[in-house]
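Inside the fold
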Amino acid sequence: MMKLRFASPEMLVDINEIPDLDYHRIDDDGSIRVGAVCRHADLERSSLLATRQPTMAAAAPLVADPIVRMRGTLVGSVCHADPQGDWASVMTALDASIVAQGPNGRRSIAVRDFVRGPFQNALAFDEVAVEAVVPAPKGEPAGGYLKLERRVGDYATVGVAVAIDRVGSQVSRAGIALTAVGPATMAADAAAHALTGRPLTTDTIGEAAELAAQAAQPKTDHRGSADFKRQLVRVFTSRILTGLLRSEEEAA
Amino acid sequence: MTSLFQEITPGAAQEIPVREITVMVNGERRSAVVEPRLALAHLLRQGFKLTGTHTGCDTSNCGACTVLVDGRPVKSCTMFAVQADGHDVMTVEGLAGPSELHALQEGFKEEHGLQCGFCTPGMMMASKALLDENPSPTEDEIRWALSGNLCRCTGYQNIVKAVMWAASKLDGGDTEPAEVDS
Ligand SMILES: Cc1cc2nc3c(=O)[nH]c(=O)nc-3n(C[C@H](O)[C@H](O)[C@H](O)COP(=O)(O)OP(=O)(O)OC[C@H]3O[C@@H](n4cnc5c(N)ncnc54)[C@H](O)[C@@H]3O)c2cc1C
Ligand code: FES
Ligand code: FES
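Residues numbered from 1 in each chain as written. Chains lettered and ligands numbered in written order. Predicted model: local features only at pLDDT ≥ 70, side-chain atom pairs only at ≥ 80, totals over all residues. Heavy atoms only, no water.

Take the side chain of A:Thr185 next. Residues and elements named next belong to chain A. On the secondary structure map, Thr185 appears in the loop between β10 (170–179) and β11 (186–187). For Thr185, a relative accessible area of 14% gives the class buried. Those residues in contact with Thr185, other than ones at most four positions away along the chain, are Asp82, Pro83, Ala88, Ser89, Thr92, Val115 and Leu178. (Helix = DSSP H or I, 4+ residues; strand = E, 2+ residues; numbered from the N terminus. Buried < 20%, exposed > 50% of the residue type's maximum accessible area, 1.4 Å probe, protein only. Contact = heavy atoms within 4.5 Å.)

Structure (structure tokens):
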């Protein structure tokens, strides 16, 4: 932002050297906490996410390129609130929140309220984000993240995050959020709602994919036309959910 | 002590809040007085005259400026020089021994892994980080590790071969020309 002259802050505070903020861990209650200095690369290599949080595990290797992932952080990416940022969608689909700390102590802000618009977040000027918290799943977590990029390291043309929890074959909770198809990260709540309380079937998947496409507000630009991007949302939503349905059928 | 803004008149320099930093560069302790906004890439090039580190884009896209910071690959245009204070930095100049090229440098020479050479320092440093962690990578793993480094000349084939050559040399193995899928 500074190099592009979008921002020229008088002072920068480097949080990299603050000890013990590089963690990501799972608490006894099943919630996952990611510290402010935990890098994308740490999440990409995480065995915890690989076994416990499929949507995050799917997204981590798709953010930027391997060297950029050595420095960039999940919390920084959510703070950055880029409509093309991958983590804000993943965190929105998971109903995650950001813990902010300021002179009056800590408060927790749901990511969907935290991301206010392009490059705007809900932090007060005297607050920092210390961690992201993904609430414990309400069942067996499943999901995925799909992203179309023109080349490695490019921002998404379109990204779709799907995170569901299942009890048996019933979907007990669902979240769907979209990257790069609106003025901010887009929560596709109607699409998620269409899945909740029902089993995954080709019908419910079709309905959710259609509603997700309707929730997108893409613009035509150098990455593609609005229609193309809307179609990608439909296809990605359906592809992730169909994959989950297949693995359910195979397990049965 | 390197002062990076020698060209600024002493009066003006006083108005700029400068910091004194000490960085281990290629095993040598180096100090510098820098503006906080200075990128590490520019400290290396202009301050320490280590011009092997190239800057192609200055926006963290191309990877030409890749160096190792505490052993991890970092695009040095992404980091401020002050953030390297107290840390260990290795640039392409740190690869060769006093009389011998590093296996990666030899590999790039043997396999014709460069044309204009602009991307090469970054390619080598990213490859060094890979080989330090994974001494016998597959072709896919090499392509993955170098996917944040752009080359406008070679089409990448010979770069991948060069890294395979270096891996097998470091492994004490033979250095027959590597085969890669095209
Ligand atoms: C070449 C390139 C390609 C990229 N591609 C992608 C991509 O495909 N997808 C993607 O999602 N991202 C991408 N990114 C962005 C990358 O993921 C970074 O992680 C992201 O910009 C955040 O970086 P950071 O964690 O270093 O935070 P910084 O860059 O340091 O900070 C970003 C903003 O958030 C604020 N901030 C950071 N941390 C905190 C905190 N703890 N509390 C309060 N405010 C904070 C900062 O003040 C700043 O305004 C790319 C970046 C580059 C350079
Ligand atoms: S100059 Fe640093 S990545 Fe291009
Ligand atoms: S050799 Fe010219 S850019 Fe790679």
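Scanning the entire structure with this criterion turns up zero aromatic pairs over all chains. When the ring centre of A:Tyr23 is taken as origin, the NZ or CZ atom of A:Arg25, which lies over that ring, is 4.7 Å away. (Phe/Tyr/Trp six-rings, centres within 6.5 Å; stacked < 30°, edge-to-face > 60°. Lys NZ or Arg CZ within 6 Å of the ring centre and 35° of its normal.)

Attention now moves to unusual backbone geometry. The backbone of A:Asp95 sits at a positive phi, close to 55°, despite the residue not being glycine. With relative accessibility at 38%, the residue A:Asp95 sits in the partly exposed group. Positive phi is not limited to glycine here, since B:Asp58 has a value of about 65°. When its relative accessible area of 26% is taken as the criterion, B:Asp58 is described as partly exposed.

Listed by partner, the interface residues are 20 residues for chain A and 20 residues for chain B. Among the residues of chain A in contact with chain B, A:Lys3, A:Ile67 and A:Arg71 are the three that bury the most area, contributing 36% of the side total. Seen at the junction of chain A and chain B, the total is four salt bridges. Across the pair A:Asp65 and B:Lys75 runs a salt bridge, and its minimum N-O distance is 2.7 Å. Inspection of the chain A/chain B interface yields six residue pairs in polar contact (both at pLDDT 80 or more). For the side of chain A that touches chain B, the residue count by class is eight nonpolar, one polar and eleven charged. (Buried area = accessible area lost by both parts, 1.4 Å probe. Salt bridge = Lys/Arg side-chain N within 4 Å of Asp/Glu carboxyl O. Polar contact = N/O pair within 3.5 Å; in protein donor to acceptor, adjacent residues only side chain to side chain. Nonpolar A, V, L, I, M, F, W, Y, C, P; charged D, E, K, R; others polar.)

Let us look at the domain arrangement of chain B. In many reports, interface size means the accessible area that the parts give up when they come together. Residues and elements named next belong to chain B. If you check the domain split of chain B, you get domain 1 (19–94) and domain 2 (103–170). Between the C-alpha centres of domain 1 and domain 2 the distance comes to 21 Å. With 17 residues of domain 1 at the interface, the matching set in domain 2 holds 14 residues. Between domain 1 and domain 2 lies a buried interface of about 1100 Å² when both sides are counted; carbon and sulfur atoms form 69% of it. Across the contact surface, domain 1 and domain 2 share zero salt bridges. Between domain 1 and domain 2 we count four residue pairs in polar contact (both at pLDDT 80 or more) in total. (Domains from an automatic or database assignment.)

What follows is about the pairing of β10(A). Residue and element names in this part refer to chain A. The buried count for β10 comes to eight of ten residues, which makes it a mostly enclosed element. Pairing between strand β9 (residues 158–167) and β10: nine bridges, direction antiparallel. When the sheet's bridge partners are listed, Asp165 is paired in β10 with Arg173. Relative to β11, β10 runs antiparallel, the two being bridged by two bridges. Paired with Leu178 across the bridge in β11 is Met186. (Pairing = 2+ DSSP bridges.)

Let us now look at the nonpolar core. Residue and element names in this part refer to chain A. Ranked by internal contacts, the top residues of the largest apolar core, which has 39 residues, are Met56, Leu74, Val78, Trp87, Val90 and Met91. Per-element tally for this core: the top contributor is helix α5 (residues 86–93), with five residues. Non-local contacts of Val90, meaning those with residues more than four positions away in its chain, are made with Thr55, Met56, Ala59, Tyr145 and Ala161. Counting residues in each nonpolar core, the second largest holds 27 residues, with Leu195, Ala208, Phe236 and Leu245 among its members. (Core = buried A, V, L, I, M, F, W, Y, C linked by side-chain atoms within 4.5 Å.)

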